[in-house]
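This is what each chain is made of:
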Amino acid sequence: MLQIRPNCECCDKDLAPDSTEAMICTYECTFCQQCVDEILENVCPNCGGGFMHRPIRPKTARRDNVCLEHQPPSSKRVHTPYSKDEIKTFAATTKRIAPANR
């Protein structure tokens with residue numbers, strides 16, 4: 001189950017569980033849409049993969065115990081260990097490869 005992390009790992013922007021700006025890679029590294037577009041260039045600085053919009057967990061249980069109330073989002077803030085310069089250098093060498101081929 002997704003952790004639904006609360007922040008962008010790059011700029012630390014709050015990303016609520018229902019945020020349409022939250023982007024994740026296959027390892028659930030979480031970034032805001034602006035950082036993915038302007039800094040990361042669709043390259044995860046942690047794994048090299050691409051990003052997709054993070055799904056929004058239902059607020060209301062339409063099945064028994066399956067909703068935000070019963071599976072709350074994570075409150076642990078995560079930050080990438082890489083500097084913006086390191087991220088830009090890595091993205092520059094990887095962005096030309098389609099995410100499916102990385």
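Computed from a predicted model, the values in this text were never measured in an experiment. (Residues numbered from 1 in each chain as written. Predicted model: local features only at pLDDT ≥ 70, side-chain atom pairs only at ≥ 80, totals over all residues. Heavy atoms only, no water.)

**Looking at the nonpolar core**
Applied cut-off: We define the nonpolar core as a collection of buried residues of types Ala, Val, Leu, Ile, Met, Phe, Trp, Tyr and Cys that are connected through side-chain atoms lying within 4.5 Å of one another. Only protein chains enter the accessibility calculation, which uses a 1.4 Å probe; a residue whose area is less than 20% of its type maximum is buried, one above 50% is exposed, and one in between is partly exposed. In this text, helices come from DSSP runs of H or I with a minimum length of four residues, and strands from runs of E with a minimum of two, each type numbered from the N-terminal end.
Formed by 16 residues in total, the largest nonpolar core has its most connected members in Cys 8, Cys 10, Phe 31, Leu 40 and Phe 51. Counting only elements with at least two residues in this core, the list comes to strand E1 (22–24), strand E2 (30–32) and helix H1 (33–40). Broken down by element, this core gets its largest block of residues, 4 residues, from H1.

**Concerning the packing of aromatic side chains**
Quick note on the threshold: The criterion for an aromatic pair is that two Phe, Tyr or Trp rings (for Trp, the six-membered ring) have centres within 6.5 Å, with stacked assigned to planes under 30 degrees apart, edge-to-face to planes over 60 apart and tilted to the rest.
Here the structure, examined in full by the defined rule, presents 1 aromatic pair. Taking 5.5 Å as the distance between ring centres and 80° as the angle between the ring planes, the aromatic pair formed by Phe 31 and Phe 51 counts as edge-to-face. One end of the pair, Phe 31, is in strand E2; the other, Phe 51, is in the loop between H1 and strand E3 (52–53), with 20 residues separating them in the sequence. Exposure remark for Phe 31: the relative accessible area of 0% places this residue in the buried category. Of the residues examined, Phe 51 reaches a relative accessible area of 7% and is grouped as buried.

**Overview of helix H2 (residues 84–94)**
Worth spelling out the cut-off: Read the arc as the range of directions from the helix axis to the C-beta atoms. Here, two residues are considered to be in contact whenever any of their heavy atoms come within 4.5 Å of each other.
Buried residues of H2: Ile 87, Ala 91 and Thr 94, and no others. The buried residues of H2 all sit within an arc of 70° when viewed along its axis, so they share a single face. Of the exposed residues in H2, the ones pointing more than 90 degrees away from its buried face are Asp 85, Thr 89 and Thr 93. For H2, the secondary structure elements touched by its buried residues are H1.

**A look at the sheet that holds E1**
In plain terms, the rule: Strand pairing is assigned whenever DSSP detects at least two bridges linking the two strands. Axes, fitted as lines to C-alpha atoms, cover a helix only where it is in contact. Angles between the N-to-C directions of the axes lie from 0 to 180 degrees.
Strand order in this open sheet of 3 strands is E2-E1-E3, and the pairing throughout is antiparallel. Both edges of this open sheet fall to E2 and E3, since each of them pairs with a single strand only. Sheet topology places E1 next to E3; 2 bridges connect them, and they run antiparallel. Bridge assignment links Ile 24 to a residue of E3, and that residue is Met 52. Along the sheet face, H1 touches E1, E2 and E3 and points at about 85° away from the line of E2.

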